[in-house]
Amino acid sequence: MDHHGGNKAPVLNDSVPVRHPGRWISALVILGLLALMIQSVVTNTNFRWDVVGTYILDTKVVQGVGWTLLLTVASMVIAIVLAILLAVMRQSDNPVLRYTAWLWVWFFRGTPVYTQLVFWGLVAVLYPKISAGVPFGPELFSVDTNTVITALVAAILGLGLNESAYLAEIFRAGLKSVDKGQTEAAEALGMSNAKIMWRIILPQAMRIIVPPTGNETIGMLKTTSLVLAVPFTLDLTFATNALANRIYLPVPLLIVAAIWYLVITSLLMVGQHYIEAYYGKGVDNLAPAVINPAAAKASAAMAPSAAAEPSLMMDDPEDEAE
Amino acid sequence: MSTTTDKPLVRIEGLHKYFGPHHVLRGIDLTVNQGEVSVVIGPSGSGKSTMLRCVNLLESISAGRISVGDQLIGYREVNGRLHDLKVKEIAAQRREIGMVFQRFNLFPHKTALYNVMEAPVQVKGKNKGAAKKQALELLDRVGLADRANHYPGQLSGGQQQRVAIARALAMEPELMLFDEPTSALDPELVGDVLNVMKDLAKSGMTMIVVTHEIGFAREVGDRLTFMDGGVVVESGDPREIIANPQHARTKEFLSRVL
């Protein structure tokens, strides 16, 4: 018996694998339950799948999807911009900025989003006019609050400001996760603080920030159903509820809403996958270092000419991004 | 070794450093001439890395002065009173000083090429084509032209450290600081990094090297400084000190690392 190389190919060990009867039994039980569930959903006429089919592409419903998407995207954009600002403020040397950010998170995280939405809907009662001017001096301009803070704006502000508090903590955690050596290396190269943040720290922090932010975005998609509190009455949940009340069939319209929320969530998950892949480059999604040894050898041999004519040899992973 | 001049580039005078109540540097004096390779050795906790980090202000200076060229590091002196420099002014001073870290600290989300290009483009405003050409030449110089498009995670420790050297050189510094550049490397990878540093020394670069590589000190160093307990115990010609240390502590340390 030669265990140590030689010219002959080794005889692979053809061992008998351990059997797992438990796996088969649990799989059968689960598949059985699943079959029962599908059968009941299909055969139970109370689901009224015909009504689901009628209303799934109803104009009011599709418009509701559009409004819900608009609310989600707009409020998340506001929340992300504010969260970056708040997270950077939390790290500031200036104590006033630090405490302001802390206070913001404390307040917007500490009160229900429903309450905040009602408040934004009522802001015109508190301040009928928005005006700007010199304190105790002349007024420069003045507008009716209701023309500026429409129901849509109130809904977006309410959702966005509330969300910014949660995202600020996520961003703070992300920024803290980046090794201190990264800042030191960038400082040693003479980079400015702003460039260190935008080009070195934040791109690496995004790896940590993206998954929970995806979570929050999907959460936001469904939190938009609370904008009724403003009241804003065009979103998906309100639209399907209104239709359900008209035809006295709540279940099929809940299913319509659920299907749409699932579709959007699925799309968001696809988007999140690509964002994660982008920010994971160099860390999570490392391609094997050398795929083709011959090509590597060739490129090594051509290295001097590569220096002379770099654009022919090197592809720029960053040029598309910038 | 041979490119040393008599013109001092770095002057460290009476440098003290406190971390809270801990007095880690207790009056360091060290002069490094232009083109000199100044090697600093000493047990861990002796303050050698802290001293090095004070030179480009990664640590603030508690007492004493450091100047590089005609620049006082970290301060402006007006009528005998020191004024802290602004962040921007400190960044400008750091541009003249390259630093290589024990743990490489390459930017993991950028390829080797972009690690090297980053500072010339973002700090100096160099155009991308020229920066790329320079970066490829530097990577070739450290023997990694064929690794330009690899991410740090795809490189060995020794390769990463050589990219880090290229990255520091891309700013065309007048002084290079090495903070235990081979301490985090597998023994078989140390040689490649030391060879790059030797070439750099031969090219006339002024270098301060904190290291445990006594062989490097003997072969390449123009001056060897032994630190312990936050003070310079002994400083002079590396070959003389290694062959014939004058202080008991130096003797003891060398006997343990050689």
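Keep in mind it's a predicted model, so treat the numbers as computed, not measured. (Residues numbered from 1 in each chain as written. Chains lettered and ligands numbered in written order. Predicted model: local features only at pLDDT ≥ 70, side-chain atom pairs only at ≥ 80, totals over all residues. Heavy atoms only, no water.)

**Observations regarding the pattern of salt bridges**
Stated formally: Any carboxyl oxygen of Asp or Glu within 4 Å of a side-chain nitrogen of Lys or Arg constitutes a salt bridge here. Helix and strand assignments follow DSSP, with helices taken as H or I runs no shorter than four residues and strands as E runs no shorter than two, numbered in order from the N terminus. Exposure classes here rest on a 1.4 Å probe applied to the protein chains alone. A residue is buried below 20% of its type maximum, exposed above 50%, and partly exposed in between.
Per the counting criterion, the structure on display carries 22 salt bridges over all chains. Across the salt bridge formed by E36 of chain B and R223 of chain B, the nearest N and O atoms sit 3.9 Å from each other. Of this pair, E36 of chain B sits in the loop between β2 (22-33) and β3 (37-41) while R223 of chain B is found in strand β11 (residues 223-228), placing the two residues 187 residues apart along the sequence. Judged by relative accessible area, which is 5%, E36 of chain B ranks as buried. For E77 of chain B, the salt bridge is made with R65 of chain B, and the minimal N-O distance between the two is 3.1 Å. Of this pair, E77 of chain B sits in strand β6 (residues 75-78) while R65 of chain B is found in strand β4 (residues 63-68), placing the two residues 12 residues apart along the sequence. Of the residues examined, R65 of chain B reaches a relative accessible area of 29% and is grouped as partly exposed. Each of the salt bridges in this network shares a partner with another, and the network as a whole consists of K180 and E184 of chain A together with R53 and E59 of chain B.

**Here's the deal with the nonpolar core**
Residue and element names in this part refer to chain B. Here is the rule: In this description, a nonpolar core means a group of buried Ala, Val, Leu, Ile, Met, Phe, Trp, Tyr and Cys residues linked to one another through side-chain atoms lying within 4.5 Å. The contact criterion used is simple: two residues touch if any of their non-hydrogen atoms lie within 4.5 Å.
Grouped together as the largest cluster of nonpolar side chains are 83 residues, with contacts concentrated most on I12, L15, M51 and L175. Residues within four places of M51 in sequence aside, it is in contact with I12, L15, L25, I28, L30, V40 and M227. The next biggest cluster of nonpolar side chains, apart from the first, holds 52 residues, and it includes L138, M205, F216 and V220.

**Focus on the confidence of the model for chain A**
Detail in the predicted coordinates should be disregarded across regions flagged by low pLDDT. Residues and elements named next belong to chain A. To be explicit about the condition: A residue's pLDDT is the confidence the predictor assigns to it, expressed on a 0 to 100 scale.
Within chain A, residue pLDDT values average 87, and 87% of them lie at 70 or more. When pLDDT is averaged over each element of chain A, helix α9 (residues 180-188) comes out on top at 97 and helix α15 (residues 310-313) at the bottom at 38. Note that residues 289-293 has pLDDT below 50 and, in this model, 4 contacts with residues that lie over four places away or in other chains. Low pLDDT (under 50) marks residues 302-322, which in the prediction has 31 contacts with non-local residues, meaning those over four places away or in another chain.

**Digging into the sheet that holds strand β5 (residues 71-72) of chain B**
All names here are of chain B. Rules: Should DSSP find at least two bridges between two strands, the strands are taken to pair.
As summarised here, the arrangement of the 4 strands in space is β2-β1-β4-β5, forming an open sheet in which the pairing is antiparallel. Each of the sheet's edge strands pairs with one partner strand only, and the pair in question is β2 and β5. With 5 bridges connecting them, strand β1 (residues 8-19) and β4 associate as antiparallel partners. The residue of β4 that forms the bridge with I12 is I66.

**What about the sheet that holds β3 of chain B?**
All names here are of chain B. This is how it is decided: What counts as an axis is a line fitted to C-alpha atoms, over the stretch in contact for a helix, and the angles between N-to-C directions run from 0 to 180 degrees.
Taken in spatial order, the 6 strands make up an open sheet running β8-β9-β10-β3-β11-β12, and their pairing is mixed. Whereas interior strands pair on both sides, the edge strands pair on one side only; in this sheet they are β8 (97-100) and β12 (231-236). Recorded for the sheet is a direction-independent mean angle of 15 degrees between the axes of neighbouring strands. In this sheet, strand β9 (residues 175-179) lies alongside β8 in parallel orientation, the contact comprising 4 bridges. Each residue of the ladder has a partner; that of I97, found in β9, is L175.

**A few points about unusual backbone geometry**
The omega torsion across V230 of chain A and P231 of chain A is 5 degrees, close enough to zero to call that bond cis. By the element assignment, P231 of chain A lies in the loop between α10 (193-223) and α11 (236-247). Of note in this structure, E172 of chain B is not a glycine but carries a positive phi near 50 degrees. Positive phi, close to 45 degrees, is recorded for E180 of chain B, a residue that is not glycine. Here E180 of chain B is to be found in the loop between β9 and α6 (187-202).

**A word on the environment of L33 of chain A**
Residue and element names in this part refer to chain A. The residue L33 is located in helix α1 (residues 21-43) in this model. Taking the relative accessible area as the measure of exposure, L33 reaches 53% and is therefore exposed. Considering only alpha carbons, one finds L33 and D235, 202 residues apart in sequence, at a separation of 35 Å.

**A look at the pairing of β11 of chain B**
All names here are of chain B. Here β11 lies mainly inside the structure; 5 of its 6 residues are buried. Where β3 meets β11, 4 bridges bridge the pair, whose relative direction is parallel. Within the sheet, the bridge partner assigned to V40 lies in β11 and is T225. As paired elements, β11 and β12 share 5 bridges and run antiparallel to each other. Note that in β12 the partner of M227 across the bridge is V232. Between β11 and β12, which pair antiparallel and follow one another directly, the connecting turn spans 2 residues, one of which, G229, has a positive phi of 60 degrees.

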